[in-house]
Structure formats: structure tokens, C-alpha cells
Amino acid sequence: MQHQENMPTENDTKSDDQATEATQGAASTVDAAAAEEVVDVVAKNAQVIAELEAKVAELQDAFMRAKADGENIRRRAQEDISKAHKFAIEGFAEAMVPVKDSLEMALKVETPSIDSLKEGVEMTLKQLSAAFEKNRLLEINPVQGEKLDPMKHQAISMVPAEQDANTVVTVLQKGYNIADRLLRPALVTVAQGK
């Protein structure tokens, strides 16, 4: 009899089979829901990846255009600098050509008088001064008694004088500035201390 008690009955076997089927049915329902969820996540990820790839392509295109623009700007700037170096003196040369013409015409006169030569030289000097002014080439011509400025004047010697020490006594040679840059200092003598 004991043997019968340990043996599963037909009802027990049926309920085990039903339980297994129910478990399998529940598992397949859960697997289907999980699979559906995974498919949704993969689809969303694919969409996000496609959007990001499009954005990367757009940014890469914008970068390449900006790089090309930068290269063009750099190239044009180099060309402008090259032209500026090449033709920097062009304006000054244009202003000097009439001065040369005037000097050549003065030499062609066969019997010049002192007065006509003086008048021609004065007119040529006016042309030259106008050319200097137009091109911002300005004279440095200190007056007597002006304080020595080592940025514009070069003292050649010190001489005894009846004025304050380190002031200009005489100008031996005018100086010149181009714009605000010293081209040549004025050569001067200065007063010694009393």
C-alpha cells in the first residue's frame, strides 16, 4: 500500500501538465511582449541614429564650407598684401613724375635767364612739397630755442649760446616723418648749459 501512496495518480499528472502548459503560455505571452518592446526600442534607436547621422552630415558640410571660406579669405588677404607691397610706392611715384617732368623741361631751355631758372626751381619745389604733403611726408624743422626732442632731432654738437641748455640753436638739415614714423631726424646744434 505504501507503494501506491508514492505513485502519482492520474489526477496529479494532469494537473502537472496543466500547470506546465499554463507556465509555458504565460512565458510565451511575456516573451511576445518583451520581443515587441525590443522591436520598438530598436526602431526608436534606428530613428535616432538616422537623425544623428543626418545631423553629422549637415555639420560636416557646414564645416567644409567654413573651411573653404577661411582658405579663400586667407588667399585673398595674401594677394592683397602682396599687391600692397608691390605697389606701395605707386602713389608717391605718381606724385613725383610731374616734378621730374618740370626739371627735364628746365634743362631743355636753351638760353635760360637767372630769373626764369629761379622761377622754374620755385615751381618745381612747390610741386615737390605738394607731392610730399599728399603722401604724408612731413618736414621736421625745429625753430631756434625749441627743446631738443631725441625722437625727432639729432644733436650734432653743443655750442655756447644765450638760451636754455639742450635747446635748438641752429638746424643743419631738416628731418622728415612719413605719417607718424621718423624717416630722418633733423640735424641740429644745441645750446650748452650756462
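In the block above lies the structure referred to throughout.
Residues numbered from 1 in each chain as written. Predicted model: local features only at pLDDT ≥ 70, side-chain atom pairs only at ≥ 80, totals over all residues. Heavy atoms only, no water.

Would you mind going over the overall build of the protein chain with me for this structure?
In terms of regular secondary structure, the protein chain is built from four helices and six strands. Out of the 194 residues in the protein chain, the part that is buried amounts to 11%. Within the structure as shown, the protein chain displays about 15,900 Å² of accessible surface, and the carbon and sulfur contribution to it stands at 58%. (Helix = DSSP H or I, 4+ residues; strand = E, 2+ residues; numbered from the N terminus. Buried < 20%, exposed > 50% of the residue type's maximum accessible area, 1.4 Å probe, protein only. Areas by Shrake-Rupley, 256 points an atom, 1.4 Å probe, with all protein chains shown as cover.)

Looking at this structure, how should I read the sheet that holds strand 6 (residues 186–191)?
Pairing between sheet strands relies on hydrogen bonds along the backbone, with the strands arranged either parallel or antiparallel. The strand order across the open sheet formed by three strands is 2-6-3, and the pairing between neighbours is mixed. Across the chains shown, the open sheet's two edge strands, defined by having one partner strand only, are strand 2 (153–159) and strand 3 (168–173). Neighbour-to-neighbour, the strand axes of this sheet turn through a mean angle of 30 degrees, independent of strand direction. Looking at chain direction, strand 2 and strand 6 are connected through six bridges and run parallel. Its bridge partner lying in strand 6, Ser 157 is registered against Thr 189. (Pairing = 2+ DSSP bridges. Axes fitted to C-alpha atoms, helices over the stretch in contact; angles between N-to-C directions.)

How do you make sense of the sheet that holds strand 4 (residues 175–178) when you look at a structure like this?
Taking strand neighbours across the sheet as the criterion, the three strands line up as 1-4-5 in an open arrangement whose pairing is antiparallel. What marks the edges here is a single partner per strand, and that holds for strand 1 (137–140) and strand 5 (181–184). Pairwise comparison of adjacent strand axes, ignoring direction, gives a mean angle of 35 degrees for this sheet. Looking at chain direction, strand 4 and strand 5 are connected through three bridges and run antiparallel. Bridged to Ile 178 within strand 5 is Arg 181.

I'm lost on the packing of aromatic side chains in this one. Help?
We describe a pair of aromatic rings using the distance from one ring centre to the other and the angle between the two ring planes. Under the criterion given, the structure shown has two aromatic pairs. Ring centres of Phe 92 and Phe 132 lie 6.2 Å apart, and the angle between their planes is 25 degrees; on these two criteria the pair is classed as stacked. Of this pair, Phe 92 sits in helix 3 (residues 90–108) while Phe 132 sits in helix 4 (residues 114–134); the two residues are 40 residues apart in sequence, bridging distant segments of the chain. Its relative accessible area of 24% is what places Phe 92 among the partly exposed residues. Arranged with centres 5.9 Å apart and planes meeting at 85 degrees, the rings of Phe 132 and Tyr 176 form a pair that is edge-to-face. Separated by 44 residues along the polypeptide, Phe 132 in helix 4 and Tyr 176 in strand 4 bring together distant segments of the chain. We note that Phe 132, like Tyr 176, is buried. Here the aromatic cluster, defined as three or more aromatic residues joined through ring pairs, consists of Phe 92, Phe 132 and Tyr 176. (Phe/Tyr/Trp six-rings, centres within 6.5 Å; stacked < 30°, edge-to-face > 60°.)

Can you walk me through helix 3 in this structure?
Note that an α-helix has 3.6 residues per turn; residues three or four places apart therefore point the same way. With 19 residues, helix 3 should reach 27 Å at 1.5 Å per residue; the first-to-last C-alpha distance of 27 Å fits that figure. A maximum bend of about 25 degrees is found in helix 3 at Met 96, where proline Pro 98 lies one to four positions downstream. (Expected span 1.5 Å × (residues − 1). Bend = angle between axes of the 7 residues up to and from the residue.)

What am I meant to see in the nonpolar core here?
What tends to happen in soluble globular proteins is that the nonpolar side chains get buried as a cluster. Core analysis: the biggest nonpolar cluster contains five residues, these being Ile 140, Val 168, Ala 186, Val 188 and Val 190. Among the elements that take part in this core, strand 6 stands out by supplying three residues, more than any other. Among residues more than four places away in sequence, those in contact with Val 188 are Pro 142, Leu 148, His 153, Gln 154, Ala 155, Ile 156, Ser 157, Val 168, Thr 170, Val 171 and Leu 172. (Core = buried A, V, L, I, M, F, W, Y, C linked by side-chain atoms within 4.5 Å. Contact = heavy atoms within 4.5 Å.)

Just checking my understanding: could you explain the side chain of Asn 177 for this structure?
Tracing the backbone through its elements, the reader meets Asn 177 in strand 4. Discounting chain neighbours no more than four positions away, the residues touching Asn 177 are Arg 136, Leu 137, Leu 138, Ile 140, Leu 182 and Leu 183.

What's the story with helix 4 in this structure? I'm lost.
The first and last C-alpha atoms of helix 4 sit 30 Å apart over 21 residues, in line with the 30 Å expected at 1.5 Å per residue. Among all positions of helix 4, only Thr 124, Ala 131 and Phe 132 are buried. For helix 4, the arc enclosing every buried residue in end-on projection is 95 degrees, short of the 170-degree limit, so these residues lie on one face. Facing away from the buried surface of helix 4 by more than 90 degrees, the exposed residues are Asp 115, Lys 118, Met 123, Lys 126, Glu 133 and Lys 134. (Arc of directions from axis to C-beta.)

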